[in-house]
Amino acid sequence: MVKKEHLSWILDRPEEEKEALRKKYKNAGIEEYRKYIFEYNDEIYRRRIEFSHSLGLKCDCVGWTELDLTRPDAGEILDKIEDFCKKEGWTARGGCARWYEDFESEWYELKLPKQKEIDFEGRFSCQNGIYAIRAYKNKGQPALLGWCDHVPLVVSEKFRDACIKNNIPGLKFCWIRDTGRYASEQYYFMYPENSVPYIATNFGLQYNKENKTYNSEAYSKKEQLKDRIEEIGGLFPRVYEIFADMRFNLQDCYPRKEMPATGFSYAYRRDPCWITDTVLIHKDTAEILIKEKVLNRKYLQPALFYDGEIPKGYAELEMKKINIPEQQHFDEMQEEHDEFIKIKKPERRATPKEAVKLLRKTKTARKDDFRKRMKKEENEKLFETSYEAITPYYLVANGGSLSDEYEFLSYEESLEATTEYAEDMKKEELLEKKIEGIAFAICPDGDKVILAKEGKVYRMSHEIPEAEEEWPSLAQFFVDTIDSEEE
């Protein structure tokens, strides 16, 4: 087990100085006041950035700085932050986190990517209100789509079928009405029947210099936290001494005795002072679903457990049960599903013209997310090469962010990624069939998107030499993955 500790922090100018300047410009004209605001902020940003750089650290454009608290000189850096604050009269604030990696556990937390393209419509309530989904819009997304309101998971038909086939216990599935105009795999709400009644968490481990609570029990007065912070140990007590405003985050721990033998469970609580919505999966269940190719190992994070006594520094917090509809609602939705699938809907077949038009429209809406288009003379050099099919897209943008999940590579980046992909494929001596092609897009987790010689597009896993997703054409890939509200 490897312990990780991280601090994200920023400096603030003295309140007395801020108040003096506010009074000075209280009766100033709007233009003079705006000039003051810009100059004042620019000076603050400059001082913050200079100080972070003097520590040998990197920061963003306003001074937020990251510090790995496990590095050997972390204590010395904290001393310098304290010295600066005392000398200049400034204060520091931020967030401090501890978590663990590289350990074995009987259970995993599901850590799914944020899904912008889930497009739910309608309403959901304890009176059995109805949600609707344009199912075809989720093409290219994982089989598990994360939380939706008070329902732990939205899952694909393939995921549901794999659970039923393998007799995964303690699950109920409810069809989500499909209002999309095209044929698609269907989606379901998945309700685990087992829940965790309480967890050990960092509830209350946050404070600020005004001792405000923001009407939240999750905030504490600083002096109330001293003993808990001392129990946590590491550099947390030192951070506590220096920072005027701090939130301490600890990896959640679950009561071992409350877990079922296998399957799924969940920890849920949503109220004004706290949000927990974690789905847990037993390692044996996870292996079954990985083998069925409906779950990716990259979404699994080993979970921490405790037996009896609450871990030091933690607080035990009661969880809630989600509202599961009455059986009548499940039956009614299944009847509606049975009638729905009798209706033959057209397949979604994107054309290159449509895809290029959508890319151009998206670039106009999100100009900063895309690079300039490729020059025409450079573009023409790619005719009659393996890149010819991509040339219309390069004439719109030579790379850019299609969505949070897919980055369209520039031609130069694609050449490098393609070489890397080809070298990786050469090492796979046991593969009977290798997907050859050009890597023209990448994902945040390292997966590469390949345009194969026959024209299909594949998302290739960075962990195993298998396709996680495929599209019938390049045009279909762009239309399905561009982060757009288009119907």
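Above this text you will find the structure in question.
Residues numbered from 1 in each chain as written. Predicted model: local features only at pLDDT ≥ 70, side-chain atom pairs only at ≥ 80, totals over all residues. Heavy atoms only, no water.

*Asks:* What's the story with the sheet that holds strand E10 (residues 187-192) in this structure? I'm lost.
*Replies:* Working definition: the strands of a sheet are paired by backbone hydrogen bonds and lie parallel or antiparallel to each other. Ordered by their spatial adjacency, three strands build an open sheet running E7-E10-E8, and the pairing between neighbours is antiparallel. Each edge of the open sheet carries a strand with a single partner, namely strand E7 (153-156) and strand E8 (171-175). The average undirected angle you get between the axes of adjacent strands in this sheet is 40 degrees. With five bridges joining them, E8 and E10 adopt antiparallel strand pairing. Considered in E10, the bridge of Trp-175 is made with Tyr-188. Across the face of the sheet, helix H4 (residues 157-165) comes into contact with E7, E8 and E10 while running at roughly 90 degrees to E7. Against the sheet, helix H8 (residues 327-340) engages E8 and E10, with an angle of about 50 degrees to E8. (Pairing = 2+ DSSP bridges. Helix = DSSP H or I, 4+ residues; strand = E, 2+ residues; numbered from the N terminus. Axes fitted to C-alpha atoms, helices over the stretch in contact; angles between N-to-C directions. Contact = heavy atoms within 4.5 Å.)

*Asks:* Help me out: how do you make sense of the packing of helix H9 (residues 352-365) against helix H13 (residues 474-481) in this one?
*Replies:* Between two packed helices, the angle of one axis relative to the other and the distance separating the axes together describe the packing. Put simply, H9 and H13 touch, their axes get as near as 8 Å, and they point 35 degrees apart. In this structure, the crossing between H9 and H13 has a hand that is left-handed. In this structure, H9 uses Pro-352, Glu-354, Ala-355, Leu-358 and Leu-359 to contact H13, whose residues at the interface are Ala-475, Phe-478 and Val-479. Looking at the contact of H9 with H13 residue by residue, the class counts come to seven nonpolar, no polar and one charged. (Left-handed = near helix turned anticlockwise from the far one by under 90°. Nonpolar A, V, L, I, M, F, W, Y, C, P; charged D, E, K, R; others polar.)

*Asks:* Any chance you could explain the packing of aromatic side chains here in plain terms?
*Replies:* Any pair of aromatic rings gets described here by the distance separating the centres and the angle formed by the planes. Considering all chains together, one arrives at 23 aromatic pairs under this definition. With a centroid separation of 5.9 Å and 50 degrees between ring planes, the pair formed by Tyr-254 and Phe-305 is classed as tilted. In this pair, Tyr-254 sits in strand E14 (residues 253-255) while Phe-305 sits in strand E18 (residues 304-306), placing the two residues 51 residues apart along the sequence. The residues Tyr-254 and Phe-305 share a single accessibility class, namely buried. Taken together through their ring pairs, the aromatic side chains of Tyr-387, Tyr-393, Tyr-394, Tyr-406, Phe-408, Tyr-411, Phe-440, Trp-471, Phe-477 and Phe-478 make up a single cluster. Over the ring of Phe-330 we find Lys-172, and its NZ or CZ is 4.3 Å from the ring centre. A cation over an aromatic ring shows up here: Lys-222 above the ring of Tyr-240, its NZ or CZ 5.1 Å from the ring centre. (Phe/Tyr/Trp six-rings, centres within 6.5 Å; stacked < 30°, edge-to-face > 60°. Buried < 20%, exposed > 50% of the residue type's maximum accessible area, 1.4 Å probe, protein only. Lys NZ or Arg CZ within 6 Å of the ring centre and 35° of its normal.)

*Asks:* Please explain the pairing of strand E3 (residues 91-101) as it appears in this structure.
*Replies:* Side chains on a regular strand alternate between the two faces of the sheet. By the bridge criterion, eleven bridges tie strand E1 (residues 2-12) to E3 in an arrangement that is antiparallel. Along E3, the bridge assignment pairs Ser-8 with Gly-95. Taken together, the six bridges between E3 and strand E13 (residues 245-250) define a ladder with parallel strand orientation. If you follow Arg-98 over to E13, its bridge partner there is Leu-250.

*Asks:* Looking at this model, I keep getting lost on helix H7 (residues 283-291). Mind explaining?
*Replies:* Because an α-helix completes one turn every 3.6 residues, residues spaced three or four positions apart along the sequence face the same direction. Residues of H7 that are buried include every one of Thr-285, Ala-286, Leu-289 and Ile-290, and no others. For H7, the angular spread of buried residues about the axis comes to 135 degrees, placing them on one side. The first or second residue beyond H7 is Lys-293, which carries a positive phi of 65 degrees. (Arc of directions from axis to C-beta.)

*Asks:* Just checking my understanding: could you explain the nonpolar core for this structure?
*Replies:* Across soluble globular proteins, you tend to see nonpolar side chains buried next to one another. Counting 40 residues, the largest nonpolar core has Leu-7, Trp-9, Leu-78, Ile-81, Phe-243 and Phe-248 as the members making the most contacts within it. Broken down by element, this core gets its largest block of residues, six residues, from helix H3 (residues 74-88). Beyond its immediate sequence surroundings of up to four residues, Ile-81 is in contact with Trp-9, Leu-11, Phe-51, Leu-55, Ala-92, Ile-242 and Phe-243. Trp-175, Val-279, Leu-300 and Phe-340 belong to the second largest nonpolar core, which has 37 residues in total. (Core = buried A, V, L, I, M, F, W, Y, C linked by side-chain atoms within 4.5 Å.)

*Asks:* Help me understand the environment of Lys-3, please; the structure alone is not making it clear to me.
*Replies:* Along the chain, the position of Lys-3 falls in strand E1. The exposure class of Lys-3 is partly exposed, given its relative accessible area of 40%. Measuring from C-alpha to C-alpha, the distance between Lys-3 and Glu-101 comes to 6.6 Å, with 98 residues separating the pair along the chain. Ignoring sequence-local partners within four residues, the contact set of Lys-3 consists of Thr-70, Arg-98, Trp-99 and Tyr-100.

*Asks:* Please clarify how unusual backbone geometry should be interpreted in this entry.
*Replies:* A negative phi angle is the norm for most residues apart from glycine, just as the trans form is the norm for most peptide bonds. One non-glycine residue, Asn-167, lies in the positive phi region at around 55 degrees. Along the polypeptide, Asn-167 turns up in the loop between H4 and E8. Taking the relative accessible area as the measure of exposure, Asn-167 reaches 64% and is therefore exposed. Even without a glycine there, the phi angle at Glu-384 is positive, about 60 degrees. Given a relative accessible area of 74%, Glu-384 falls into the exposed group.

*Asks:* I would appreciate a short explanation of the sheet that holds strand E12 (residues 206-207) in the present structure.
*Replies:* As summarised here, the arrangement of the five strands in space is E2-E1-E3-E13-E12, forming an open sheet in which the pairing is mixed. Edge positions in the open sheet fall to strand E2 (65-68) and E12, since each of these has one partner strand only. Packed onto the sheet, H3 meets E1, E2 and E3 and runs at close to 15 degrees relative to E1.

*Asks:* I would appreciate a short explanation of H4 in the present structure.
*Replies:* For H4, the set of buried residues is Phe-159, Arg-160, Ala-162 and Cys-163. Buried residues in H4, looked at end-on, bunch into an arc of 160 degrees, giving them a common side. Across from the buried face of H4, at angles greater than 90 degrees, the exposed residues are Lys-158 and Lys-165. Structurally, H4 contributes buried residues whose contacts are with E7, E8, E10, strand E15 (264-271) and H7. Once H4 finishes, Asn-167 follows within two positions and takes phi at roughly 55 degrees, a positive value.

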